[in-house]
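# What the coordinates show
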Amino acid sequence: MKLTMATLVWLVSSTLLLLILGSTSLPKAYAMPPPSPVNCDATGCKLHNSYGVWNDRKECWVQNVIYPTTEEELRFAVAEANRRKLKVKIITGFSHTIPKLACPGNELSKNSVLISTAKYNSGIKVDVKSLTVTADSGVGLRDLINKVEEAGLSLVASPYWEGVSIGGLISTGAHGSSWWGKGGAVHDHVVGLSLVVPAKETEGYAKVIHLDSRNQIFNAAKVSLGLLGAISKVKLSLEPGCKRSITNVYNNDSHFEDEFMDLAKKHEFADIIWNPSKHAVIYRQDDRVPLNSSGDGINDYLGFQSNLILISKTVRSSEKALETSRSVNGKCLMANTVVGYKKLVANGLKNNNLLFTGYPVVGRQGKMQTSGSCLYSSASNTLSTCAWDPRIKGLFFYETTAIFPASKFRNFIQDVKKLRDLKPEHFCGVDIYNGFLIRFIKASDAYLGQPEDSVVVDFNYYRANEASTPRLNQDIWEEVEQIAFFKHGAKPHWAKNRNLAFLGVQQKYPNFCKFLAAKKQLDPENMFSSYWSDKIIFGNETEKAEGCAMEGMCICSEDKHCNPSKGYFCKPGIVYNQAKVCRFSASLLA
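Residues numbered from 1 in each chain as written. Predicted model: local features only at pLDDT ≥ 70, side-chain atom pairs only at ≥ 80, totals over all residues. Heavy atoms only, no water.

The next point concerns helix H8 (residues 328-344). The terminal C-alpha atoms of H8 lie 24 Å apart, and with 17 residues this matches the ideal 24 Å at 1.5 Å per residue to within 8%. In the stretch just after H8, Ala346 is the one whose phi turns positive, near 55°. (Helix = DSSP H or I, 4+ residues; strand = E, 2+ residues; numbered from the N terminus. Expected span 1.5 Å × (residues − 1).)

Attention now goes to the side chain of Glu551. Here Glu551 lies in the loop between helix H14 (531-537) and strand S26 (568-572). Overall, Glu551 belongs to the buried group, its relative accessible area being 6%. A distance of 2.9 Å separates a polar atom in the side chain of Glu551 from a polar atom in the side chain of Tyr398. Leave out the neighbours within four places in its chain, and Glu551 touches Asn55, Arg57, Tyr398, Arg463, Ala467 and Arg498. (Buried < 20%, exposed > 50% of the residue type's maximum accessible area, 1.4 Å probe, protein only. Polar contact = N/O pair within 3.5 Å; in protein donor to acceptor, adjacent residues only side chain to side chain. Contact = heavy atoms within 4.5 Å.)

Right, let's talk about the packing of aromatic side chains for a bit. Scanning the entire structure with this criterion turns up 26 aromatic pairs. Judged by centre distance (5.4 Å) and plane angle (35°), the ring pair of Tyr398 and Tyr461 falls under tilted. Of this pair, Tyr398 sits in strand S22 (residues 397-405) while Tyr461 is found in strand S24 (residues 454-462), placing the two residues 63 residues apart along the sequence. By relative accessible area, which is 5% here, Tyr398 ends up buried. Clustering of aromatic rings is evident, with ring pairs tying together Phe256, Trp274, Tyr398, Phe427, Phe436, Phe459, Tyr461 and Trp477. Sitting over the face of the ring of Tyr509, Lys491 holds its NZ or CZ atom 5.7 Å from the ring centroid. A cation sits over an aromatic face here: Arg498 above Tyr398, 5.2 Å from the ring centre. (Phe/Tyr/Trp six-rings, centres within 6.5 Å; stacked < 30°, edge-to-face > 60°. Lys NZ or Arg CZ within 6 Å of the ring centre and 35° of its normal.)

Below, the discussion takes up the state of the cysteines. Tallying each qualifying case throughout the model produces 7 disulfides. Residue pairing for Cys548: its cysteine sulfur links by disulfide to Cys554, the two sulfurs lying 2.0 Å apart. An S-S torsion of about 70° defines the bridge between Cys548 and Cys554 as right-handed. In this structure Cys554 comes out as buried when scored by relative accessible area, which is 2%. One disulfide in the model links Cys556 with Cys570; its S-S distance is 2.1 Å. Note on the Cys556 and Cys570 pair: the S-S dihedral is about 80°, so by sign convention the disulfide is right-handed. Here the residue Cys556 occupies a position in the loop between H14 and S26, and Cys570 occupies one in strand S26, the gap between them amounting to 14 residues. Taken individually, Cys556 and Cys570 each receive the classification buried, so the pair is uniform in this respect. (Disulfide = S-S within 2.5 Å.)

Looking now at the confidence of the model for the protein chain. Looking at the protein chain as a whole, the pLDDT averages 92, with 93% of positions reaching at least 70. Within the model, pLDDT remains below 50 along residues 20-29, and this stretch shows 14 contacts once partners closer than five positions in the same chain are excluded. (pLDDT = per-residue confidence, 0-100.)

Relative orientation of the contacting elements helix H7 (residues 309-324) and H8 amounts to 150°, with a least axis distance of 8 Å. With respect to H8, the element H7 is oriented roughly antiparallel. Judged by the twist between their axes, the crossing of H7 over H8 is left-handed. Contact residues: Val315, Ser318, Glu319, Leu322 and Glu323 in H7; Gly330, Lys331 and Met334 in H8. Within the contact of H7 with H8, the residues separate by chemical class into 3 nonpolar, 2 polar and 3 charged. (Axes fitted to C-alpha atoms, helices over the stretch in contact; angles between N-to-C directions. Parallel < 35°, antiparallel > 145°, perpendicular 65-115°, else oblique. Left-handed = near helix turned anticlockwise from the far one by under 90°. Nonpolar A, V, L, I, M, F, W, Y, C, P; charged D, E, K, R; others polar.)

Attention now moves to the pattern of salt bridges. Throughout the structure, instances matching the rule amount to 37 salt bridges. Asp475 is the partner of Arg583 in a salt bridge, and the nearest nitrogen-oxygen pair spans 2.8 Å. On the criterion of sequence distance, the pair formed by Arg583 in strand S27 (residues 580-584) and Asp475 in helix H12 (residues 474-487) is long-range, its members being 108 residues apart. Accessibility expressed as a relative area gives 10% for Asp475, which makes it buried. Among the ionic contacts, a cluster of salt bridges with common partners joins Arg244, Asp271, Arg284 and Asp286. (Salt bridge = Lys/Arg side-chain N within 4 Å of Asp/Glu carboxyl O.)

This part covers unusual backbone geometry. In this chain, Tyr359 is followed by Pro360 through a cis amide linkage whose omega measures -5°. Locating Pro360 in the fold gives a position in the loop between strand S19 (349-350) and strand S20 (361-364). Not every positive phi belongs to a glycine, and Ser95 is a case in point at roughly 60°. For Ser95, the location among the structural elements is in the loop between strand S5 (87-91) and strand S6 (112-116). Given the relative accessible area of 11%, Ser95 is considered buried.

Quick look at the packing of helix H10 (residues 406-422) against H12 now. With their axes 10 Å apart at the nearest point, H10 and H12 run at an angle of 160° to one another. By the angle between their directions, the pair H10 and H12 is classed as roughly antiparallel. Here the hand of the crossing between H10 and H12 comes out right-handed. On H12, the residues touching Phe412, Asp415, Val416 and Leu419 of H10 are Ile476, Glu479, Val480, Ile483, Ala484 and Lys487. Of the residues assigned to the contact of H10 with H12, the class counts are 7 nonpolar, no polar and 3 charged.

Turning our attention to the sheet that holds strand S1 (residues 38-41). Read across the open sheet, the 3 strands follow the order S1-S2-S3; overall the sheet is antiparallel. Each edge of the open sheet carries a strand with a single partner, namely S1 and strand S3 (60-62). The mean inter-strand angle of the sheet, taken between neighbouring strand axes irrespective of direction, is 25°. Looking at chain direction, S1 and strand S2 (residues 44-47) are connected through 4 bridges and run antiparallel. Paired with Asn39 across the two strands is Lys46, which belongs to S2. (Pairing = 2+ DSSP bridges.)

With that out of the way, let us pick up the environment of Ala467. Within the element layout of this structure, Ala467 appears in the loop between S24 and H12. Along the sequence, Ala467 and Asp56 sit 411 residues apart, while their C-alpha atoms lie 8.8 Å from each other.

Residues Leu144, Ile166, Leu195 and Trp494 are the most contacted members of the largest nonpolar core, which totals 70 residues. At 5 residues, H8 tops the list of elements feeding residues into this core. Judged by nonpolar contacts, the second largest core, of 39 residues, contains Leu263, Phe412, Phe459 and Trp477. (Core = buried A, V, L, I, M, F, W, Y, C linked by side-chain atoms within 4.5 Å.)

Let's shift gears to the pairing of S24. Of all 9 residues in S24, 9 are buried; the element is thus mostly enclosed. In terms of strand pairing, S22 meets S24 through 9 bridges, oriented antiparallel. Within S24, the position partnered with Thr400 by the bridge is Phe459. Sheet topology note: the strand S23 (residues 436-441)/S24 ladder contains 6 bridges and is antiparallel.

As structure tokens, this is what we get:
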């Protein structure tokens, strides 16, 4: 059943009204914090990520979770697991990883254990003289940044979302955006770290090793995916305190594939948001300015603010209705609303800690580099929370993140433009979220980091509540995904993406064998590996089954890998003919 235009207008108008009513941040006491990633009962403990569902939708169960509070307790937990020959995974208090890297087994068993760093989070030592900070692995990013800023210093690089632990963000290659200095990847600002690794019985079954640039294994440990051991402490380099000045510049997207390098070279923390359905780009001119510069602004990114539960549920209901009715026009109306509203409020930038009154927005580095205000709230009230909180049936989406050598990024954009220009309205779905977020990270000596200066592209898009339910314009996003990872050889972000993005991933890293050699040296019995992490790190394709392509567990090669009963059949790509995508065909359905 098609939605009428009157209904479409009502849906979009209601969504806009709710966005406006909810744009004023609620006091912290009126929101609820995100749920714990672990829930235990008499049968065992269930681990989930912050979205409530892993990429394969299968549950992760273990018999027990251990919560150390000190480095020695962490060492003892690893020692006991080694003594008992258990599989181990280290988890954090946040759990934002999309692939199931943190799951130790493929079923509930007595042969695995989770060790959580959620309570190992109190140690933060700032050394002003050496310009470094050393933190326990479970320390939250916001707590570390605040401590550093109190000492008159600044952490230069961080991810945009602050709901991560120091150990977790290092393990997965989390990053901000910069080609300047040491670059935008946090692991390239690590100058030392400590790992708890298995040991012989005579050494107490586990030991703490300290690594820095003098150790060859350091380059493996900086991005380890939790496969080498348990990170216990991380030492990061700092710089003198500074402020940031941000101005968003709105342009047509006609030539931005020829302009992105110039932007990244001119502005230290530049990024780009591309709204393909609008033929528009937003250049973030983001630079360091002296500490005495006027301004007390903050970056309270709109998507990371607490949202009234009513808003989150209504936005989701509206998009679900548009998906069900296959209303491309409705999606475009909603995208126009969202893009226009974000421009009005500068996507959450606020002058003088209050409201957006105009560019530039100038504020302390610690208030401008990362955000996540929906994290900080009281558990006693339940009016609002993060929009994707799985308890409220709010937003539910995929996140694809592709990392390109800078030299290949232009070709990717040109291919996407060719696909977009055929039917621009098919790209409205991505603009309801954040369009294509484009960031920059510098070449790294980490074995699982980027071997050359790179461009990172993130895009979010609708995910159905039920795994076999097709998505509107599903074939478009599958083709974009395959253009990125297979035609242009992009690398997947280790903590994001659908499974197919990791196919052949080991061949994309020239130092992959060195990483495996380090793993064999530190964890010879593969205590920290699992069925699930092997799927990601070795990029093996899951055995194909009916419907496996619907959520990216495989690339379709037969119609049955899609959903023929609902009109989705396996077809070649339009621009990239070697792509195989699930495309809707009303004629074949009939």
